[in-house]
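Summary of the model geometry
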Amino acid sequence: MNTYTHFLLAVVLSRWILLRKRNDEQEERQDLHESPDNSSNNNTTPAFDWKGALLGSVLPDLPLIATTVVCTVRDHYFLEEDDSWTEKLFESWYFSNPWVEAEQNIFHSPVSLTVLISVAYLWHARWSRQHDSIIAEYEAPVSDDT
């Protein structure tokens, strides 16, 4: 099985985390009215962040992990004789149940992965614009016409 989606999500999340850190540092310097010091602050962003790598390596498998936990809890507390859901999950459902297949393909399909990354990017861009406008309104000078 080729799981390139783990790598793609790790790279995308790592870059997003690193760019957010860099933007936050730049905003902090601007708030302090410091001029950027090119000798101590290198503007190159590393290619990978360990938090993004960890999240990207686990995220595509979260739906299957959640299903496994549910089946295991069900088997542990409500096991009927010879009716193990965990056993069924990995012996037949994983290969033949359309719900389990769809659940596994949510983060492993290139098309759905592209859609999810695009939606996250657009949501983040919209949130950033709203956040910036709220900050601008808060920091706007108040005229005292009394």
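The paragraphs below set out a description of the structure included in this document. Quick caveat: nothing in here was measured; it's all calculated off a predicted structure.

1. Comments concerning the layout of surface pockets
Looking at the largest pocket, its volume works out to about 380 Å³. Those elements giving two or more residues to the lining of the largest pocket turn out to be α1 (4–31) and α6 (110–139). In terms of residue count, the dominant contributor to the lining of the largest pocket is α6 (seven residues). Split by residue class, the lining of the largest pocket holds 13 nonpolar, one polar and no charged.

2. Examining the environment of Thr-68
Along the polypeptide, Thr-68 turns up in helix α3 (residues 62–78). A sequence separation of 21 residues divides Thr-68 from Leu-89, and the C-alpha atoms of the two residues are 7.7 Å apart. With near-sequence residues (within four places) excluded, Thr-68 lies in contact with Leu-89 and Phe-90.

3. Here we look at helix α5 (residues 98–105)
Buried within α5 are the following residues: Val-100, Glu-103 and Gln-104. Here the buried residues of α5 occupy an arc of 95° about the axis, which is enough to place them on one side. On the buried face of α5, the contacting elements are α3 and α4 (85–96). For α5, the side-chain oxygen to backbone nitrogen distance between the N-cap and Trp-99 is 2.8 Å, and the N-cap itself is Asn-97.

4. So, the pattern of salt bridges
The full count for this structure, using the stated rule, is three salt bridges. A salt bridge links Asp-83 to Lys-88; its shortest N-O distance comes to 2.7 Å. Overall, Asp-83 belongs to the buried group, its relative accessible area being 15%. In this structure Lys-88 comes out as partly exposed when scored by relative accessible area, which is 34%. Three or more residues are tied together by salt bridges with common partners; here these are Arg-74, Asp-75, Asp-83 and Lys-88.

Definitions and cut-offs
Along each chain, residue indices are assigned from 1 in the same order as the chain's sequence is written. Residue-level local features of this predicted model are given only where pLDDT is at least 70; pairs of side-chain atoms are given and counted only at 80 or more, and the full residue set underlies all totals for whole chains, interfaces and linings. Note that water and hydrogens are dropped before the side-chain values are worked out from all heavy atoms of the structure. A 1.4 Å probe that fits but cannot get out identifies a cavity on a 1 Å grid over protein atoms alone, an open set with protein on both sides within 12 Å along at least five of seven lines counts as a pocket, and a residue lines either if it has an atom within 4 Å of a point. Grid points are joined across faces, edges and corners, and a volume is the space filled by probe spheres set on the points. Starting at the N terminus, helices and strands are each numbered in turn, a helix being any DSSP run of H or I of at least four residues and a strand any DSSP run of E of at least two. Asp, Glu, Lys and Arg are counted as charged, while Ala, Val, Leu, Ile, Met, Phe, Trp, Tyr, Cys and Pro are counted as nonpolar; the rest, among them Gly, fall into the polar class. Two residues qualify as a contact provided that any one of their heavy atoms is within 4.5 Å of a heavy atom in the partner residue. A simple rule labels every residue: compare its accessible area, found with a 1.4 Å probe on the protein chains alone, to the largest value its type can have, and call it buried under 20%, exposed over 50%, or partly exposed in between. It is the directions from the helix axis to the C-beta atoms whose arc is reported. Any N or O atom pair separated by 3.5 Å or less is treated as a polar contact, with the protein-specific requirement of one donor-capable and one acceptor-capable atom, and with residues adjacent in sequence counted only for side-chain atom pairs. Any carboxyl oxygen of Asp or Glu within 4 Å of a side-chain nitrogen of Lys or Arg constitutes a salt bridge here.

Fair warning: the whole summary comes from geometry, so function is off the table for now.
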